[in-house]
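# Reading the structure
Here is what each chain is made of, one letter per residue.
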Amino acid sequence: MEHYMDRFDSLRFAEIEWREEEQEVERAIEIATEAGDTETVQILRSRLQIMRLVHEHCIRHEFEVLLGVDLHDIPHPNGTDP
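For the structure given in this document, a descriptive report is provided here. What you see is a predicted model, and the numbers here were worked out from it, not measured in a lab. (Residues numbered from 1 in each chain as written. Predicted model: local features only at pLDDT ≥ 70, side-chain atom pairs only at ≥ 80, totals over all residues. Heavy atoms only, no water.)

### What to know about the nonpolar core
Just so we agree on the cut-off: By nonpolar core is meant a set of buried Ala, Val, Leu, Ile, Met, Phe, Trp, Tyr and Cys residues that side-chain atoms within 4.5 Å join together. Each residue is assigned to one of three classes by its accessible area relative to the maximum for its type, calculated with a 1.4 Å probe on protein chains only: buried under 20%, partly exposed between the two thresholds, exposed over 50%. A helix here means a DSSP run of H or I that spans at least four residues, while a strand means a run of E at least two residues long, and both kinds are numbered starting from the N terminus. By the convention used here, residues are in contact when the closest approach between their heavy atoms is within 4.5 Å.
Within the largest apolar cluster, seven residues are counted, these being Val25, Ile29, Ala32, Val41, Leu44, Leu48 and Met51. Going through the elements one at a time, helix 1 (2-35) and helix 2 (38-67) are the ones with two or more residues in this core. It is helix 2 that provides the largest number of residues to this core, a total of four residues. Once residues within four sequence positions are removed from consideration, Leu44 is found in contact with Val25, Ala28, Ile29 and Ala32.

See the structure below:
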């Protein structure tokens, strides 16, 4: 049980770090938008999207390990393949 609690704490800490990094990129997007720098805005939005996809993948993997299941075999809620 202690092993699972340590992993959960680690996951919680990682979640906080991910959110802080996302907020930094979101603030940079706001600044670039106000400055009218559309190229930078596009690059930052792409970066944010990739960050969120990686974050989702990492969380999914952690749950797979903790639960001992393969979430890749579970269909997406909107009916598309995972």
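### Structural notes on the pattern of salt bridges
For the record, the criterion: We count a salt bridge whenever a side-chain nitrogen from Lys or Arg sits within 4 Å of a carboxyl oxygen from Asp or Glu.
Under the definition given, this model contains six salt bridges. Here Glu56 and Arg60 are joined by a salt bridge, their closest N and O atoms 3.6 Å apart. Here the residue Glu56 and the residue Arg60 both occupy positions in helix 2, the gap between them amounting to four residues, near one helical turn. Salt bridges linked by common partners bring Arg19, Glu22, Glu26 and Arg52 together as one network.

### A few points about helix 2
Counted only if it meets this: Multiplying 1.5 Å by the helix residue count minus one yields the expected span of that helix.
An ideal rise of 1.5 Å per residue puts 44 Å on 30 residues; helix 2 measures up with 43 Å between its terminal C-alpha atoms. All buried positions along helix 2 are accounted for by Val41, Leu44, Leu48, Met51, His55, Glu62 and Glu64. Two residues or fewer after helix 2 comes Gly68, characterised by a positive phi angle close to 70°.

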